[in-house]
Structures are given as C-alpha cells and as structure tokens.
Amino acid sequence: MEMSDVGFLGLGISVLIHVLFVTITMGVGWITAFSRYIAYRKNDVSLEKFARRTFRVLVVFELFSGVWGTIITVFLAGFFPTLTALATNVLFAPLLIALISIMIRLPSIGIFWYTWDKIHPRIHSTIGFIMAISGFTIPFGFRAIFSEITAPTAIAEFVAKGFATAFASYSSIVFWLLYLHTVFAALSVGGFVVAFISSLDKDLNGIKIGNRYGLYFLIAQVPIGLFYWLSLRDFSYYMFDKITFGSFLPILALKITVALVLLIIAVIAISAKDKIKYQYPVILSLLVVFLGELMNSGARYPYMVILGKEGIHFSNFLNFYIEIPMTAVFVILAFLVVSIIIFSAALFYTVFKRYLLEFPE
Amino acid sequence: MEVGSLLVLSAIGVYFHAIFVSITLGVPILIMMLLLKYNKTGDQDYLKAAKLMTAVLAVNFALGAITGTLVEFGLVQAWPGTILAIASFAFVPLALELIAFANEIALLVLFIVTLGRIKPMTSFVILALYWIFAVFSGVLITAVNSWLIAPWGTGGIAKALYPFMPEFGPMSTDLEKIVALKIIAITSGLPLQAIIQNPGVAEKVGLILLDPFVAFTSPLAIVSILHNIFAAFLVGTSIVLVFYAFRYYFSKEERHLKVLKITAGVTFILFLIQPTVFGHFMGESVANYNPTKFAMMENAVKTHYNPIVAFLAYGDPSKPILGFDEFEKSCNLLGTTKVGDLAKLAGLTKDELSLIAKEIGAPLDPRKLDVVWNTEVRQLCYSDLEKAMKRITTVHASYYTKISFGILGFVSAIALFLHFKSSSISNIVKRVLGEKAIVVLSLLIFLGSVIPSVFGWYVREVGRKPWTVYGLLYPEELVTVVGYARTTEFAAFMIFVVSLIAIFGIFAMYLIAKRYER
C-alpha cells in the first residue's frame, strides 16, 4: 500500500471512529443534562436516577472519543501538512470555536459527574447544560472543515481576495445542513443508546424517553438529509454524482434501507415498551451514521477539496517533506487497536457489569 | 510582525498544561503506593485515599487533555510554521504519541471504572500501565520540545550563521532546500504558513529530512526528558503533600497522617534524584548546546571566571564562562561573508532561488532579494545577539530564583522525611518550627518544587530567544498569517477564557477533594 493511500485511509478511519463516538456522547450529554434539570424542577427521584445511569456512558466514552480527535489532528498535520496550514488560515475562527468548546466540555463532564449530590441541584443543572451545549458547539467549529472541503466558500474567498473573512464558512448552506444533520443524528443515536441502557435496568420511563428522542430526531433527519443531498447537487456535483450514480450508490441505498428498518423498529419500540431488544436500534442508528460519514468522507476520493465537478487531488496536500516510515505507522495502528480493546473492556464493566455506580440508589 | 501577545498566550497555555500534566504524572505514583499499602494491610483508609486521589486525577486528566489540546492547536493555529517541523522532525515522536495518548486514556477509564471492584493488585497493574503510557507521552512531547532547543540533525547550519554555536548532530537535512525556504521567507517578509499552505508545494519542495528518527538521537533530548519528567513527578506529589499536610493539621486525623507519610517518602526520593543528578546534567547540556542561554543564566555580559560554575558546567574549574563579548568576537569571524555567499555554498544561485520561489507560489521582489542576498551575515549575528542580551537580566534572575527555591525544597524534603523517621530529628524540627512543622515543611517543599519548575521552564523557553528553533527560525517566521489572531485583544480574550477554565477546573478539583469523603 502506498504512503498516500495510508494517509487517506488512516484519516478516513479516524474520522469514522471519532464521529461514531461523538455522536453518542453529544446525544447522551443533552438527554442527561435535560433530564437532570427536569428531575430537579419536578423533584422526580426516578428521573434523576435515570440521568445518572445514562451519564455513565458519557463519562466512559468522552475522553476516548476525544483521543480520536487528536489522532485526526496528528494525521492531518503529519500526512497532510498543506491542508492543515491552509485550514488554520482560512478556518481560524471556526477552529477556535471548536477549541474553546473542547476546553469547556471536558472539565464540565468531570465536574458534573463528581459534584452530583455535592452541590446545589440548580448549580449542578447549570453545569450540565454548559456540558451539553458545549458538546454541540464543537462540531459547529469542526464541521466547517468538512463543509469547506465539500463546497468551499472561505477557501473560494481566500483564492479570490487573498484572504478569508473570519466567519466566511458559515455563509455556506452546505455547512448548515451538515451541522443540523449532525445534531439531529446525535440526538437520535443518543436516544437509542439511552433506551438500551434503561432496558438493562428495566426502567420503562427511561426507555420511553430514549425511544422518543431516537424516533423524533430520526424523522427530523429525513428532510435535512434530503436537502443536504440536494445541496451537493448544486455545490459539490462530483460527490453528488458519485453518491447518486457512481460507486457510492450501493452505500446510499444501504443507508436508506437501514434507516427505513430503523424507523420501523423505532415505531414498534415506542408502542411495544419493554418487549424489544433495544441493542438493535443502537446498532442500526450507528450503522446509519457510519454509512453517512463514509459517503461524506470517501466519495471525494481521489480529491481532498471538491470544486464542483472536479477537485484538488489529495496528493496536493500530502507530506513529501520526509519519507514516512511505514513500519512506525503500522506499529502505531496496531497499538491503537490495543487501545480499542482496553476501552471495550472498560465499556463492558460500565454498561453490562454496572461498575461505575458511585452513588447509593 | 508583532508576535509578543501570542508568545504570552502560548506561555500561559503551556504553564496551565504543565500544572495538570504534573498532577497526571505524579499522583498515580502515590495511588500505586496506597494500593500496595492497602493490599498489604487491608486498611480501608488507604483505599479511601486512593479513591479520592483518583477522583481528582480524573478531573485533572480532563483539564490536562484540554490544555494539551490547546497547546497542540496553539502550535498549529497560532504558529502554523511549525507544521513544517511536525511533518518532518517531529513526525515520528508525535505519531508515536498517539499510542501513548490513546492507551493512557483507555487504561485510565478502565482503572476508574474497576477501582474497588476488582483485586487491589489488578488495579495496581492497570494504573501502572496507564502511568507508563503517560510517562511515554511526556517523553515524546519533551523530545519534540528539545528539538526546538537543539535542532538535532541540522548539522552546522546554525554555526554557519553564528560561529559561537555548536553543530547540531549530523546533517540529516537537505541543506539547499532549507536555505532556500529561509531566504524566501526573509525576502518575502511572510511567515512560512504563506508558503506551505499552497496546494502542491510539499511535492515541489520534496524531501527536506533524510532521517525521520533523528530527533530521538539528540543528547539534549535525553537529558531534558529525564529532567522534565522527574520535575513533573515532584510537582505532582508535592501538591498532594501540601494538601494532606493542611488536612492533617486542621483535623489531626490519623488517616491523613498515613497518606502524608507515604507522600513525604516519595517526595524525598524524588528530591534526591531530580535537582542533583538530572538538574546537573541539564545544566551541562545547556552549556554545550545553548551558549547564549547559558550566558544569560550566568549574567555573562562579559566573559568571566567562576570556578564552581565552570566545574559544574564543563568539569573544568579553570574554564571561563563565555559571555556575549566573546560571541561578538565570533561574529567577527564571518568577515564580509554575505547571505548570498552562504546560499552559493549551499548550491543556490539567485536565479534558481527566484525560480523556486515562483514555483512554490511565493514570487520574490528582485530588489528585496538583492538586499537580502547582499546582507552581511555578521550583521545578522550582531543583531540577534543584541536581541538575546535584552533578556539577560530576567533570565539570570529567574535561574537563580529557581536554584534558591530548589535548595529550600531539597532541605525541607530531607527534614520532613527525617521528622517522620527519627524521633531525635523530629524533636529538633519541632523546636525550630513549632507545632506547625509538618505544614511549614510541606509548604516549603511545594514551593521548592513548583517555583523551580515555573522559572526553569521560563529559562528554557525565553533563554532560547530570539529564536523559536534555536539558531534557525524566529517566532515571526512561524506565526499565523491571520491578522486578527496577532492582536493584543485576541490574546487578552484567549487568556481570559483559558484562565477562567483553568481556575474553575482547579477549584472543582479542590471541591471534589474536600467533599468526596462526605
């Protein structure tokens, strides 16, 4: 395998894993914070227990999902230094928004977890909302990169004028549709994850809350997904063509099929209450996210930045400054697999053996 | 190009990161000791203390990770010229750091989730593995930082411009390309980002580094790694020490004393090794590889004799401490050599340079190129020495403040350790310091580890100015092209945000530590 392909594949895989993890954490974060607040306002003890249980998932997932963000950054700077140098110029402000959000998000999760029952619920709920909202402002920054390499606006302004205004990338309709799609997907996946966690504890109310989030935001994704697809036709024809008529058509077809199956299961789940195996909606919803992101990242190949019907080949951004030692790269990839195994063990102990219950229930 | 405010912002980011990383590296040592004690005695106090420290470690780790992200992004966003180094000299260390970071987090999560639920020795092993990866992470990041201080693999490039400098290892770089990029950057007046962001430029420039592992072979890197990592252990453990000293003083509870004794023992051992052995080797390396920094540390405006310092730095008390007057004499050796003459030695003509600049999307103004081409190198040499000299007073004062507090901490660590071990020493300590002896000594140990670290890092970073990559690149060449990011207002805003988050985070750790046991 060529170094260039390893770079593109490595970046793609890191993006896919990262997106899968953060989709879960964003959604679960919001559901937890909102439920905790409602529990405080209504003095609902069982709802508070539900919020605590679901939050375990976020505590375990967040840092590990963040690691993959760092991996993406190193892949970008190491394998694609030109793209990184360009992005840190034209997308300086969006990247800064993401950076500040990360700085708020991580400590607020730790603080929210360890201060439960130790500070006033009102303050605790406020920390929860800060934690949840900062989860959504991270992709508000980072999705600008994806939007730019799919349908450049800030880069276009930079090429035309020699500079790009701070928030130029937010004038793109592609960005807003992609961002909304991301947020709705996170809330939907988060809902299904919460329903699954609640089913392990036989918490019917928790299952109901999770299923509602899952179903409603799955439905909300339908028009957004459609508009996003249409926006590609207008602003990123190469990707539209590849997805609609080219090599990624089977992926699109599979995604639509899986989404339809998920929709049916989600509708049944709402009415069937505890009669459903709730791991299936989780798996299917993550599969939908995976397939969507696979199209979003892979359909641009062999281009990195799409310019209508063509693009800038990814080799234009590659690192030619050194001969990348591929042995080191493969060793790193092997150790990353090890880290996934260790993380899976932690997840198993948290979710199935329910070890992370610091609080008396 | 104004870079002062961004330098301040970067320094604050690095300092906050250093605080949290120190706790990340130091506290696990104590948790491991507590788990061993718990396993041996079955005393629940040790397990409770281990759990409390784990809770603090968890929040601290999050703060370390975000400040690490800040530093990482700060590097590529505020100083995007460093992307060239990340893609070459720093590629292998930073790529390997991914192994460390990913496994560190996975193991920490596993440790937190399973602590108290599985056998203590299994928890011990999980935490030990976490700690090994955390240390490995520190090793790799320090290796990258050390490359900025002694750019190993660039051979005699810096020496050609500044004859008083040493050679930095073998010539593993493509001299012609490095010289071309440097002259293009100087002539265009643009930061490197303006050049390296152009699509296709990397392919046109091609290989600039022949040995991607060269950063690991630097003698300064090896010494720096030991010095920095052990300093971090010391800071982390001394923070815990002072916390428990106060808790014990106010509560007089035996359980706090138990933890205090363990922490005092660890701190004592670290104090025996860190400043004496690794600190000494670090000083020697600075004298060898950063002559201007060493002169700044010793306030050597003029060359002078100091047998003690000379013995410690060079192993020869009769050797003079080279000062800036001697460096200026070295600059004279360059005679009337011009930038163009050096470029020709590297195999470049003016026409070739213009052509390269055009190809990589940074066309040069011929008149400006003439000016740079005909600039005498010794003028550059004098000018940079003058810039370095401006910082001599602060670097010198910082260095000796560091040394003074280090000695204070060293003596206090011995006194506290013996206070717990020997009743006769304990009586003497109590007679001198009274009932507050433990608190006072712990506080002095804390100051004796934190202040030397703070000032030590200041000397390390400011002492290598006016360069960011010693002898090769200035901050102005690495800074972002984004205008508003270089303003004071932007830096002030970011400093406010970073400080707010860090202070809130530290307060949260304190709150957790205070309330966790309730």
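Small disclaimer: the values here were computed from a predicted structure and weren't measured.

Criteria and thresholds
For every chain, the first residue of its written sequence is number 1, and the numbers climb from 1 along that sequence. Chains carry letters and ligands carry numbers; both start at the beginning, A for chains and 1 for ligands, and go up in the order they are written. Per-residue local features of the predicted model are confined to residues with pLDDT of at least 70, and side-chain atom pairs are confined, for both listing and counting, to 80 or more; whole-chain, interface and lining totals are unaffected and use all residues. With hydrogens and water stripped out, all remaining heavy atoms of the structure feed into the side-chain values. Only DSSP runs of H or I with at least four residues qualify as helices, and only runs of E with at least two residues qualify as strands; both kinds are numbered from the N terminus onward. Just to be clear, the radius of gyration here is over C-alpha atoms, and the globule rule we use is 2.2 Å times residues to the power 0.38. Burial classification: accessible surface area is computed with a 1.4 Å probe over protein chains only, and a residue below 20% of its type maximum counts as buried, one above 50% as exposed, and the rest as partly exposed. The Shrake-Rupley method, run with a 1.4 Å probe sphere, supplies the accessible areas, and residue values consider only the shown protein chains as cover. The charge count treats Lys and Arg as positive and Asp and Glu as negative. His and the chain ends do not count. Where a charge sits is defined by one atom per residue type, namely NZ (Lys), CZ (Arg), CG (Asp) or CD (Glu). Whether two residues touch is decided by their heavy atoms; if any such pair falls within 4.5 Å, the residues are in contact. The disulfide criterion is simple: two cysteine sulfur atoms within 2.5 Å. Lines fitted to C-alpha atoms define the axes here, with helix axes fitted over just the stretch in contact, and angles between the N-to-C directions of these axes take values from 0 to 180 degrees. By the definition adopted for this analysis, an angle is roughly parallel if under 35 degrees, roughly antiparallel if over 145, roughly perpendicular if from 65 to 115, and oblique otherwise. The hand of a helix crossing depends on one turn: near helix anticlockwise from the far one by less than a right angle means left-handed, and clockwise means right-handed. Under the scheme applied here, ten amino acids are nonpolar (Ala, Val, Leu, Ile, Met, Phe, Trp, Tyr, Cys and Pro), four are charged (Asp, Glu, Lys and Arg), and all others, including Gly, are polar. Here, the term nonpolar core denotes a set of buried Ala, Val, Leu, Ile, Met, Phe, Trp, Tyr and Cys residues that are joined through side-chain atoms within 4.5 Å. Here a strand pair is declared whenever DSSP counts at least two bridges between the two strands. Here the expected span of a helix is defined as 1.5 Å times the quantity of residues minus one. Throughout, buried area stands for the accessible area (probe radius 1.4 Å) lost by two parts on being put together, summed over both. By the criterion applied in these results, polar contacts are pairs of N or O atoms within 3.5 Å in which, for protein atoms, one can donate a hydrogen and the other can accept it, and in which residues neighboring in sequence qualify only through two side-chain atoms. For every residue, the pLDDT score states the predictor's confidence, bounded by 0 at the bottom and 100 at the top. The patches described consist of residues with a relative accessible area above 30% and no salt bridge, like charges being joined within 9 Å and nonpolar side chains (Val, Leu, Ile, Met, Phe, Trp, Tyr) within 5 Å. Criterion for a salt bridge: a side-chain nitrogen of Lys or Arg within 4 Å of a carboxyl oxygen of Asp or Glu.

### Focus on the overall build of chain A
Part 1: Counting its secondary structure elements, chain A contains 12 helices and 2 strands.
Part 2: Secondary structure elements of chain A occur, N-terminal to C-terminal, as α-α-α-α-α-α-α-α-α-α-α-β-β-α.
Part 3: Its C-alpha atoms give chain A a radius of gyration of 21 Å, within 12% of the compact-globule value 21 Å for 361 residues.
Part 4: Across its three principal directions, the C-alpha atoms of chain A cover 60 × 40 × 40 Å.
Part 5: Within chain A, buried positions represent 63% of all 361 residues.
Part 6: Carbon and sulfur atoms make up 71% of the accessible area of chain A, which amounts to about 13,800 Å² in all.
Part 7: On chain A, the mean spot of the 25 positive side-chain charges and the mean spot of the 18 negative ones are 12 Å from each other.

### Observations regarding the overall build of chain B
Part 1: Scanning chain B from N- to C-terminus turns up 23 helices and 2 strands.
Part 2: Relative to the compact-globule value of 24 Å for 518 residues, chain B shows a C-alpha radius of gyration of 25 Å, a close match.
Part 3: Dimensions along the principal axes, computed over C-alpha positions, put chain B at roughly 80 × 55 × 40 Å.
Part 4: Out of the 518 residues belonging to chain B, those deemed buried represent 58%.
Part 5: Taking the intrachain contacts of chain B between residues at least 6 apart in sequence as the baseline, contacts between residues at least 24 apart amount to 79%.
Part 6: Summed over its atoms, the accessible surface of chain B is roughly 20,200 Å², and 67% of this surface lies on carbon and sulfur atoms.
Part 7: For chain B, the centre of its 41 positive side-chain charges and the centre of its 34 negative side-chain charges are spaced 12 Å apart.

### Some words on unusual backbone geometry
Residues and elements named next belong to chain A.
Part 1: Here the residue pair Y301 and P302 is connected by a cis peptide bond, since its omega of 5° sits within 30 degrees of zero.
Part 2: Examined against the element boundaries, P302 turns out to sit in the loop between α11 (279-298) and β1 (303-307).
Part 3: Its identity as a non-glycine residue notwithstanding, D117 has a phi of 75°, on the positive side.
Part 4: Relative to the elements of secondary structure, D117 occurs in the loop between α4 (92-114) and α5 (121-150).
Part 5: With phi around 55°, K202 is a residue other than glycine that occupies positive phi space.

### Notes on the side chain of D203 of chain A
Part 1: For D203 of chain A, the position within the fold is in the loop between α7 (173-200) and α8 (204-235).
Part 2: For D203 of chain A, the residues in contact, after removing those within four places along its chain, are F50, R53 and S198 of chain A.

### Topic: the state of the cysteines
All names here are of chain B.
Part 1: With the rule as written, the count across this model stands at 1 disulfide over all chains.
Part 2: Put simply, C331 and C381 are joined by a disulfide, and their sulfur atoms are 2.0 Å apart. Looking along the S-S bond of the C331-C381 disulfide, the torsion reads about -65°, which is the left-handed sense. Here C381 lies in helix α18 (residues 377-389) and C331 lies in helix α14 (residues 324-332), a separation of 50 residues in the sequence.
Part 3: Here C331 falls in the buried class, since its relative accessible area comes to 0%.
Part 4: By relative accessible area, which is 0% here, C381 ends up buried.

### A look at the packing of helix α11 (residues 254-289) of chain B against helix α19 (residues 392-421) of chain B
Residue and element names in this part refer to chain B.
Part 1: For the pair α11 and α19, the least separation of the axes is 9 Å and the interaxial angle reads 140°. By the angle class used here, α11 and α19 are oblique. α11 and α19 meet at a crossing whose hand is left-handed. Between α11, through L257, L260, K261, A264, G265, F268, F271, L272, P275 and T276, and α19, the contact on the second element is made entirely by G406, G409, F410, A413, I414, L416, F417 and F420.
Part 2: Of the residues belonging to the contact of α11 with α19, the class tally is 13 nonpolar, 4 polar and 1 charged.

### As for the nonpolar core
Part 1: Among the nonpolar cores identified, the biggest contains 328 residues, and F55, F80 and Y321 of chain A together with I31, M53 and Y244 of chain B are the most heavily contacted of them.
Part 2: When residues no more than four places from it in sequence are discounted, the contact partners of Y321 of chain A are P81 of chain A together with L84, A87, I196, V201, A202, V205, G206, L207, I208 and L209 of chain B.

### Let's talk about the pairing of strand β2 (residues 310-313) of chain A
All names here are of chain A.
Part 1: Here β1 runs beside β2; their pairing, made up of 4 bridges, is antiparallel. Pairing of V305 across the sheet is with I312, part of β2.
Part 2: Connecting the antiparallel pair β1 and β2 is a turn made up of 2 residues, with G308 showing a positive phi of about 65°.

### Observations regarding α11 of chain A
Part 1: In this model, α11 of chain A (20 residues) spans 28 Å end to end at C-alpha, consistent with the 28 Å of a helix rising 1.5 Å per residue.
Part 2: For α11 of chain A, a buried count of 14 out of 20 residues is recorded, marking the element as mostly surrounded by other parts of the structure.

### Thoughts on the interface of chain B and chain A
Part 1: Of the residues lining the interface, 75 residues belong to chain B; the matching set on chain A comes to 68 residues.
Part 2: Taken together, both faces of the contact between chain B and chain A bury some 6,400 Å²; the carbon and sulfur share is 78%.
Part 3: Viewed at the interface, chain A and chain B are joined by 11 residue pairs in polar contact (both at pLDDT 80 or more).
Part 4: Elements that contribute at least two residues to the side of chain B that touches chain A include exactly α2 (44-78), α3 (83-86), α4 (91-114), α8 (193-196), α9 (201-205) and α23 (488-515) of chain B.
Part 5: No other element matches the 18 residues that α4 of chain B contributes to the side of chain B that touches chain A.
Part 6: When the residues that make up the side of chain B that touches chain A are grouped by side-chain class, the tally is 59 nonpolar, 12 polar and 4 charged.

### Here we look at the side chain of S330 of chain B
Part 1: On the secondary structure map, S330 of chain B appears in helix α14.
Part 2: Among all residues touching S330 of chain B, those that are not within four sequence positions of it are P163 and F164 of chain B.

### Some details on the confidence of the model for chain A
Close inspection of predicted coordinates is inappropriate in any region flagged by low pLDDT.
Part 1: On average, residues of chain A carry a pLDDT of 90, and 96% of them reach 70 or more.
Part 2: Taken element by element, chain A is modelled with least confidence in helix α12 (residues 326-351) of chain A, mean pLDDT 82, and with most confidence in helix α9 (residues 237-244) of chain A, mean pLDDT 96.

### Here we look at the environment of P307 of chain B
Part 1: Within the secondary structure, P307 of chain B is located in helix α13 (residues 307-314).
Part 2: Distance from P307 of chain B to K319 of chain B, taken between C-alpha atoms, is 7.5 Å for residues 12 residues apart in sequence.

### Describing a nonpolar patch on the surface
All names here are of chain B.
Part 1: A grouping of Y400, I403, I407 and V411 is seen on the molecular surface, where their side chains present a nonpolar patch of about 330 Å² in accessible area.
Part 2: Within the secondary structure, Y400 sits in helix α19.
Part 3: Looking at Y400, the relative accessible area reads 31%, which means it is partly exposed.

### A look at the packing of helix α5 (residues 120-149) of chain B against helix α10 (residues 219-251) of chain B
Residue and element names in this part refer to chain B.
Part 1: The geometry of α5 relative to α10 is characterised by a closest axis approach of 8 Å and an angle of 130° between their N-to-C directions. Regarding the angle of α5 to α10, the classification is oblique. Helix-helix and strand crossings are classified by hand; for α5 and α10 the assignment is right-handed. From α5, W131, V135, G138, V139, T142, A143, S146 and I149 reach across to α10, where they touch L220, A221, S224, I225, N228, I229 and F233.
Part 2: Considering only residue class, the contact of α5 with α10 consists of 10 nonpolar, 5 polar and no charged.

### Side note on the environment of V19 of chain A
Residues and elements named next belong to chain A.
Part 1: You can see V19 is positioned in helix α1 (residues 3-42).
Part 2: Owing to a relative accessible area of 9%, V19 belongs among the buried residues under this scheme.
Part 3: Placed 216 residues apart in sequence, V19 and F235 show a C-alpha to C-alpha distance of 23 Å.
Part 4: Sequence-distant contacts of V19, that is, excluding residues within four places in its chain, are made with R143, V289 and E293.

### Quick word on the environment of I155 of chain A
Residue and element names in this part refer to chain A.
Part 1: Among the structural elements, I155 can be located in helix α6 (residues 154-161).
Part 2: Overall, the relative accessible area of 12% leaves I155 in the buried class.
Part 3: C-alpha of I155 to C-alpha of S169: the two residues are 14 residues apart in sequence and 8.3 Å apart in space.
Part 4: Ignoring anything within four residues of it in the chain, the contact list for I155 reads L86, V90 and E148.

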